[in-house]
Amino acid sequence: MTLFLKRVFVCTIGAGLILPFLIVAGVSVNSASNISFPPQELSLQWYTQLLTEPDWLRPIRNSLVIAFFAGLIAVSIALAANYVLWRLKSGFGKLVFGLGLGPFMLPPIIIAMGASVFWAEMGWYGRAEATVISHGVFFVTLPLVIIARGFAALSDDVIEASRTMGATPWQTFAKVIFPLVLPYAITGYALVAIISVNEYLISYMVSGFAVETLPIRIFNNVRYGYTPVVASAAMGFALLTIGTLLVLSMFTDLLKLLGASRD
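This structure is a prediction, so every number in the text was calculated from the model and none was measured.

Overview of the pattern of salt bridges
Pairs may arise between side chains of opposite charge once their charged atoms sit close together. On inspection of all chains with the given rule, the structure shows two salt bridges. We note a salt bridge from Asp-55 to Arg-58, for which the minimum N-O separation is 3.8 Å. Highlighted residues: Asp-55 and Arg-58, both in helix H3 (residues 54-88), separated by three residues, approximately one helical turn. On the basis of relative accessibility, which here comes to 38%, the residue Asp-55 falls in the partly exposed class.

Rendered as structure tokens:
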């Protein structure tokens, strides 16, 4: 009886996750111009509109560019911070690491409002650079935690052998440490990029409609005229996320890098 209830529970959760995905997918390939399900006639016209019309291409480009540079900023900060903390191994270092977890502990609206006020005072409100920096700084928590696992896995014997061979600290980092933590850095970068592409609140509060990202474009579309293009954009988000995670799993041990145990 217990096993049966567990299976029912798992199936219920699975259905709750899959059914909305299937409904959105059905709406995105429906030829009708209104939101309806199930589709009466299949068509890819909404995906064509998403990928050809300037009103959609511009937000897609903005989101991808912001995500690309935000990932670089977040991983650079996380890599440098973890290297310093790994070298120091002090209580102060743990405090700094704890502060790095702060952005994920605060409500997003608090972070977004703080960023909005800061960039307005700096005179950068409404600029793409402000959105890039905000995403890079506020999403640093993920690569910070993931890269920390890479440094924790470093063997002291390998580092000592490098030093014994006469390598300088920089050579040890470039030739030994960095290649070992690179898979963790790539994973952190990919996760930051995914979150950045999907982020709405911080983007809107920092740049308003001056820098229209894809989530902001979707919101505007829903607000002023809900069309099935929104469903195709939502499917684009889902496919991008799934595709990125699949590529990572092909070249890395994704579950291990994220801290999951196979035992």
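Focus: the packing of aromatic side chains
If you walk through the whole model with that rule in mind, you get seven aromatic pairs. Summarising the aromatic geometry, the rings of Phe-68 and Phe-69 are spaced 5.0 Å apart at their centres and angled 90° between planes, so their arrangement reads as edge-to-face. Phe-68 sits in the partly exposed class, given a relative accessible area of 43%. Taking the relative accessible area as the measure of exposure, Phe-69 reaches 43% and is therefore partly exposed. Taking the centre distance of 5.7 Å and the plane angle of 10° together, the rings of Tyr-200 and Tyr-204 count as stacked.

Side note on the packing of helix H6 (residues 108-122) against helix H7 (residues 128-138)
With their axes 11 Å apart at the nearest point, H6 and H7 run at an angle of 140° to one another. One way to sum up the angle between H6 and H7 is to call them oblique. Where H6 crosses over H7, the two elements pack in a sense that is right-handed. Contacts between H6 and H7 involve Ile-111, Ala-115 and Trp-119 from the first element and Ala-130, Ile-133, Ser-134 and Phe-138 from the second. Across the contact of H6 with H7, the residue classes break down as six nonpolar, one polar and no charged.

Considering the environment of Ala-185
Counting through the fold element by element, Ala-185 comes out in helix H10 (residues 169-198). For the pair Ala-185 and Gly-150, spaced 35 residues apart in the sequence, the C-alpha separation amounts to 8.5 Å. Excluding its chain neighbours within four sequence positions, the residues that come into contact with Ala-185 are Val-75 and Ile-147.

What counts and what doesn't
- Residues numbered from 1 in each chain as written.
- Predicted model: local features only at pLDDT ≥ 70, side-chain atom pairs only at ≥ 80, totals over all residues.
- Heavy atoms only, no water.
- Salt bridge = Lys/Arg side-chain N within 4 Å of Asp/Glu carboxyl O.
- Helix = DSSP H or I, 4+ residues; strand = E, 2+ residues; numbered from the N terminus.
- Buried < 20%, exposed > 50% of the residue type's maximum accessible area, 1.4 Å probe, protein only.
- Phe/Tyr/Trp six-rings, centres within 6.5 Å; stacked < 30°, edge-to-face > 60°.
- Axes fitted to C-alpha atoms, helices over the stretch in contact; angles between N-to-C directions.
- Parallel < 35°, antiparallel > 145°, perpendicular 65-115°, else oblique.
- Left-handed = near helix turned anticlockwise from the far one by under 90°.
- Contact = heavy atoms within 4.5 Å.
- Nonpolar A, V, L, I, M, F, W, Y, C, P; charged D, E, K, R; others polar.

Geometry only, nothing functional implied.
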